[in-house]
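Coordinate analysis (summary)
Residue-level listing of the chains:
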Amino acid sequence: MSAPPTAKISVRDLTMAYGSFVVMKDLEFDVLERDIFIIMGGSGCGKSTLLRHLIGLREPARGEVFYDGASFTAAPTADRERFIRRFGVMYQSGALWSSLTLAENVALPLEEFTRLPARTIRDIVSYKLSLVGLAGFEDYYPSQVSGGMNKRAGIARAMALDPDILFLDEPSAGLDPLSARRLDDLILRLRDSLGSTFVIVTHELASIFAIGSNALFLDTATRTQGAIGPPCHLRDHSESATVRSFLNRGEDSAPETQP
Amino acid sequence: MKVAVQGSASPRPPRATWQQEGRVLRLEGRWHRDAPPPVLEGTAPPGLPERFDCTQLEEFDSTLPAFLLAHARLAATSSFAWDGLPDNLRGLMQLALGVPEQSDARGSPHDGSELRALGEWTLRTWKATRATLAFVGESVQSLGRFAVGRARFRGRDFWEVLQQCGAEALPIVALISFLVGLILAFVGNVQLANFGANLFVADLVAIAMVREMGVMMTAIIMSGRTGAAFAAHLGSMQANEEIDALRTFGLQPFDFLVLPRLLALVLMMPLLTIYSNLIGILGGMLVGISVGIPPVLYWNETVESITLTTASLGVFKSFFFGAAIAVAGCMTGMNAGRSSAAVGEATTRAVVASITAVIVLDSGFAAIFTLLDI
């Protein structure tokens, strides 16, 4: 057994399976503090499944996930809450609680896990919604606003407790280019000002190059990780034709020789 | 996600002091949600100061930008210099104010006056009544389209619903009917024994089951079982825009979803009712045997007491009850809101509405049958 890893998130020898169907095997990577770590790959390759493994919604078939060197996988259920409290998760379609207004959605974790007075909670909720450009929509129900707004409200809810690590599942899919750009700015700004670590599942190339500090490519053909590294570097210099092709929208060129 | 602005051994409580007649805001201490609430000093002007003094600010989480944003919202303008704030905090504030607040979005959905509440309730009730009538009307139209062969739905759906509200309901209908027959016989026997007329227990159970209890118990079971299932299924389809998807394919959601359910329940209810009648009579017979009535005698008495008219009354009603349950279930489902809570509400409303409809219809029938003397 090697020494425990020291990165913010470390995945070791991870195999994900649904029953006997292996989705991905032999995953091994580190996410560093303040990283904006992109998980990318074709549709249906297991990106969201990997995310669900990282946040503990699914158990790995083999392997372990570590946070700051402590094993999340091996932690007993009671201890897991300690890990989970540091996560913020935004689900693919927002997954807002549909019987609560946007403000109540963001306020719920604050009410449950802090002792802040109602007024402060209201201010924080208003601030979080402003950050994602939803000021003024506090009293709307998720069904009354658009899908993109649901998504942004989902991010506001994920940030409610100022988590260490934010997991975003396809945050910019379905957003207009300007909103997507704003979201990228928001992610960079939050990383820079608050030092949060981001793990983002996406296949929006513009976002990947704009914000990704590191990227992991999941290869459907081999069912394992294809490449890992800064996205711009992978685009131009990856040895794998699949990765280059993916990052160049199919217009593949021979790998440029390193200068 | 804590940001240390300045290292300090023991954190001081958060404090905001307005200085120089509100032109400078001095922020101090550790602004954190675990810290005590911030101390505010000086008179705050509406809006923000010209300059911030953050030299004594130790660390902050969302509570500080939230506090600043609440003040910024009070100001008439939305462009601030944020002079003197640490870079990261200034960045967050600019981001938060980057998209102007949708002022028309913030409405006052409720003003508390009771008159208004009454008016809203009346309008809502009126709307619901009209929706019910429209739905019943559309059901009839849809049946008409079906009669001339122009209604379009999937045969497989129909068979599935038929199985769901027919064969799969047999065990629960059997259990409840058997027990009801048992209860009727017990209660009847105690009273009739006083007159030495035990044998008439058979008449009592047979007539009560066949005219009223069989069809009534079946209808109530089906309301809770199938009406609720219809409402939940169609309600979640509505929430997921599945019904809109049907519509955009040019399929009539009504024919496609409501018609097979309506037909299946109208077809199955009479069969279930006959089944329930038989099982109820069996239950009564068990009690009859236990108090010493020979089975053959009990059976003959039963057969003699039931005329074809009596037997058909229950079955006749069951068609209407089936239609009422199907319409109530499908209507609440189709008109459900688009949230998970709305699906639950729709299910509740479906059960309440169908049981109410069944009992109201039944009393109507009782009045009519009495007038017609059958």
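As the structure is a computational prediction, the values presented were derived from the model and not from experiment. (Residues numbered from 1 in each chain as written. Chains lettered and ligands numbered in written order. Predicted model: local features only at pLDDT ≥ 70, side-chain atom pairs only at ≥ 80, totals over all residues. Heavy atoms only, no water.)

Turning to the interface of chain A and chain B, a few remarks are in order. Taken together, the contact between chain A and chain B spans 30 residues of the former and 27 residues of the latter. Around 2800 Å² of area is buried between chain A and chain B when both sides are counted, 63% of it from carbon and sulfur atoms. When residues of chain A are sorted by the area they lose upon contact with chain B, Tyr127, Asp162 and Leu194 of chain A head the list and together hold 23% of the total. Here chain A and chain B share zero salt bridges between them. (Contact = heavy atoms within 4.5 Å. Buried area = accessible area lost by both parts, 1.4 Å probe. Salt bridge = Lys/Arg side-chain N within 4 Å of Asp/Glu carboxyl O.)

For the rest of this paragraph, the subject is the pairing of strand β5 (residues 51-60) of chain B. If a strand is regular, its side chains alternate between the two faces of the sheet. Residues and elements named next belong to chain B. Burial analysis of β5 places seven of its 10 residues in the buried class, the great majority of the element. Bridge count between strand β3 (residues 24-31) and β5: seven bridges; the pairing is parallel. Residue pairing in the sheet places Gly29 in a bridge with Leu57 of β5. (Buried < 20%, exposed > 50% of the residue type's maximum accessible area, 1.4 Å probe, protein only. Helix = DSSP H or I, 4+ residues; strand = E, 2+ residues; numbered from the N terminus. Pairing = 2+ DSSP bridges.)

Its domain assignment divides chain B into domain 1 (3-96) and domain 2 (130-372). The centre of domain 1 of chain B, based on its C-alpha atoms, is set 67 Å off from the matching centre of domain 2 of chain B. (Domains from an automatic or database assignment.)

What follows deals with the packing of aromatic side chains. Residues and elements named next belong to chain A. A complete count under the given rule lists 20 aromatic pairs over all chains for this structure. Summarising the aromatic geometry, the rings of Phe217 and Phe246 are spaced 5.0 Å apart at their centres and angled 65° between planes, so their arrangement reads as edge-to-face. Of this pair, Phe217 sits in strand β9 (residues 214-219) while Phe246 sits in helix α9 (residues 241-247), and the two are 29 residues apart along the sequence. On the basis of relative accessibility, which here comes to 3%, the residue Phe217 falls in the buried class. One cation-aromatic arrangement involves Arg157 over Trp97; the distance from NZ or CZ to the ring centre is 4.2 Å. (Phe/Tyr/Trp six-rings, centres within 6.5 Å; stacked < 30°, edge-to-face > 60°. Lys NZ or Arg CZ within 6 Å of the ring centre and 35° of its normal.)

Attention now moves to the sheet that holds strand β4 (residues 62-67) of chain A. All names here are of chain A. Strand order in the open sheet made by the four strands is β2-β1-β4-β5, with antiparallel pairing throughout. The open sheet terminates on both sides in strands that have one partner only, identified here as β2 (21-31) and β5 (70-71). Sheet topology note: the strand β1 (residues 9-18)/β4 ladder contains five bridges and is antiparallel. Note on β4: the bridge partner recorded for Thr15 is Arg62. Across the sheet, helix α1 (residues 47-54) touches β1, β2 and β4, and the angle it forms with β1 is around 120°. (Axes fitted to C-alpha atoms, helices over the stretch in contact; angles between N-to-C directions.)

Bringing the side chain of Ser71 of chain A into the picture now. Residue and element names in this part refer to chain A. The residue Ser71 is located in strand β5 in this model. A distance of 2.4 Å separates a polar atom in the side chain of Ser71 from a polar atom in the side chain of Glu64. At a separation of 3.0 Å, a polar atom in the side chain of Ser71 contacts the main-chain amide nitrogen of Ala74. If sequence neighbours within four positions are ignored, Ser71 has contacts with Glu64, Val65, Phe66 and Phe83. (Polar contact = N/O pair within 3.5 Å; in protein donor to acceptor, adjacent residues only side chain to side chain.)

A separate point is helix α5 (residues 147-158) of chain A. Residues and elements named next belong to chain A. With 12 residues, α5 extends 16 Å between its outermost C-alpha atoms, agreeing within 8% with the 16 Å of an ideal straight helix rising 1.5 Å per residue. In terms of burial, α5 is largely enclosed, as 11 of its 12 residues are buried. Within α5, the full set of buried residues consists of Gly148, Met149, Asn150, Lys151, Arg152, Ala153, Gly154, Ile155, Ala156, Arg157 and Ala158. Tucked into the core, α5 has its buried residues touching β6 (87-90), α3 (102-113), α4 (118-131), β7 (165-169) and α6 (177-194). (Expected span 1.5 Å × (residues − 1).)

Moving on, we come to unusual backbone geometry. Its identity as a non-glycine residue notwithstanding, Asp68 of chain A has a phi of 50°, on the positive side. Inspection of the secondary structure assignment puts Asp68 of chain A in the loop between β4 and β5. Residue Glu241 of chain B is not a glycine yet carries a positive backbone phi of 65°. In this fold, Glu241 of chain B is placed in the loop between α6 (201-239) and α7 (242-248).

A word on the environment of Ser20 of chain A. Tracing the chain through its elements places Ser20 of chain A in the loop between β1 and β2. Separated by 41 residues in the primary sequence, Ser20 of chain A and Ala61 of chain A have C-alpha atoms spaced 9.5 Å apart.

Looking now at the packing of helix α8 (residues 253-290) of chain B against helix α9 (residues 295-305) of chain B. Residues and elements named next belong to chain B. Two elements in contact, α8 and α9, have axes separated by 10 Å at closest approach and are oriented at 140°. Relative to α9, α8 is oriented oblique. The two elements α8 and α9 meet at a crossing, and its hand is right-handed. Note on element contacts: α9 touches α8 through Pro295, Tyr298, Trp299 and Thr302, opposite Ile281, Gly284, Met285, Gly288 and Ile289. Across the contact of α8 with α9, the residue classes break down as six nonpolar, three polar and no charged. (Parallel < 35°, antiparallel > 145°, perpendicular 65-115°, else oblique. Left-handed = near helix turned anticlockwise from the far one by under 90°. Nonpolar A, V, L, I, M, F, W, Y, C, P; charged D, E, K, R; others polar.)

This paragraph deals with the packing of helix α10 (residues 308-334) of chain B against helix α11 (residues 340-372) of chain B. Residue and element names in this part refer to chain B. Two elements in contact, α10 and α11, have axes whose closest approach is 9 Å; the angle formed by their N-to-C orientations is 155°. Taken together, the axes of α10 and α11 lie roughly antiparallel to each other. Considering the relative orientation of α10 and α11, their crossing is right-handed. Taken together, the residues of α11 that come into contact with α10 (itself represented by Leu313, Phe316, Lys317, Phe320, Phe321, Ala324, Ile325, Ala328, Gly329 and Thr332) are Ala346, Arg349, Ala350, Ala353, Ser354, Ala357, Val358, Leu361, Asp362, Phe365 and Phe369. Classifying every residue of the contact of α10 with α11 gives 15 nonpolar, three polar and three charged.

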